Amino acid sequence: MKEKYQPVIGDVIYHPNRHDRTPMVVVKYDNYEDMGSCSYARTYYMIEENYLKNNQGHIVLDTLIKDCFALKVTGVEFPEIEQVKNIAPYEIEKVMTLKVRQKEAKIVTIYE
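Residues numbered from 1 in each chain as written. Predicted model: local features only at pLDDT ≥ 70, side-chain atom pairs only at ≥ 80, totals over all residues. Heavy atoms only, no water.

1. A short note on the side chain of E49
- Of note, E49 is situated in helix 1 (residues 49-54).
- Overall, the relative accessible area of 6% leaves E49 in the buried class.
- Non-local contacts of E49, meaning those with residues more than four positions away in its chain, are made with V12, P23, M24, V25, I87 and Y90. (Helix = DSSP H or I, 4+ residues; strand = E, 2+ residues; numbered from the N terminus. Buried < 20%, exposed > 50% of the residue type's maximum accessible area, 1.4 Å probe, protein only. Contact = heavy atoms within 4.5 Å.)

Listed below in structure tokens is the structure:
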């Protein structure tokens, strides 16, 4: 029996629940399965491919997730997901950053 295609981060796919066949890129993947799981319990987050094509570089994940489409995969049957063959996958790396700013002095007035 042939195993069904399971996307990974960076893959360009068609969302199985959308009928407009817009290419989507998997940007995040949450897996809630463990060694004893007998069924799928995961969520794929994807954004339209045109958005990533026009906004390459550093993107804040929290901002990106707000515009993402989620695909929840639960149960024992993995859904049919079609990979887009004529668009190259994206390389998506998680980069840790720090937001640094110096605190400003505040004057507190106390009345007696």
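2. Section: the pattern of salt bridges
- Within this structure, the stated rule accounts for eight salt bridges.
- E49 serves as the salt-bridge partner of K53, at 4.0 Å between the closest nitrogen and oxygen. Within this pair, K53 and its partner E49 are both found in helix 1, separated by four residues, close to a single helical turn.
- Using a relative accessible area of 46% as the deciding quantity, one classes K53 as partly exposed.
- Where salt bridges share partners, they join K4, E77 and E80 into one cluster. (Salt bridge = Lys/Arg side-chain N within 4 Å of Asp/Glu carboxyl O.)

3. Re the environment of V108
- Relative to the helices and strands, V108 resides in the segment after strand 5 (82-83).
- Of the residues examined, V108 reaches a relative accessible area of 68% and is grouped as exposed.
- Sequence spacing of V108 and E33 is 75 residues, and the spatial spacing of their C-alpha atoms is 52 Å.

4. What to know about the packing of aromatic side chains
- Summed over the entire model, instances satisfying the criterion amount to three aromatic pairs.
- For the ring pair Y40 and F78, a centre distance of 5.1 Å and an interplane angle of 70° mean the geometry is edge-to-face. With a gap of 38 residues between them, Y40 in strand 3 (residues 40-48) and F78 in the loop between strand 4 (69-75) and strand 5 connect regions that are remote in the sequence.
- On the basis of relative accessibility, which here comes to 4%, the residue F78 falls in the buried class.
- Measuring from centroid to centroid gives 6.5 Å for Y44 and F78, while their planes differ by 85°, and the two rings are edge-to-face. Taken together, the residues span a long stretch of sequence, with Y44 in strand 3 and F78 in the loop between strand 4 and strand 5 at a distance of 34 residues.
- Of the aromatic side chains, those joined through ring pairs into one cluster are Y29, Y40, Y44 and F78. (Phe/Tyr/Trp six-rings, centres within 6.5 Å; stacked < 30°, edge-to-face > 60°.)

5. Description of the nonpolar core
- Ranked by size, the top nonpolar core spans 11 residues in total: V12, Y14, V25, V27, Y45, I47, L52, L64, C68, V84 and Y90.
- Secondary structure elements with two or more residues in this core: strand 1 (12-14), strand 2 (23-31) and strand 3.
- The contact partners of I47, leaving out residues within four places of it in the chain, are P23, M24, V25, V27, L52, L64, D67 and C68.
- I13, Y44, M46 and L71 belong to the second largest nonpolar core, which has nine residues in total. (Core = buried A, V, L, I, M, F, W, Y, C linked by side-chain atoms within 4.5 Å.)

6. A word on the sheet that holds strand 1
- The five strands are arranged 4-3-2-1-5 in an open sheet whose pairing can be described as antiparallel. The open sheet has two edge strands, strand 4 and strand 5, and neither has a second partner.
- Pairing between strand 1 and strand 5: two bridges, direction antiparallel. Each bridged residue has a counterpart across the sheet, and for I13 the counterpart in strand 5 is Q83. (Pairing = 2+ DSSP bridges.)

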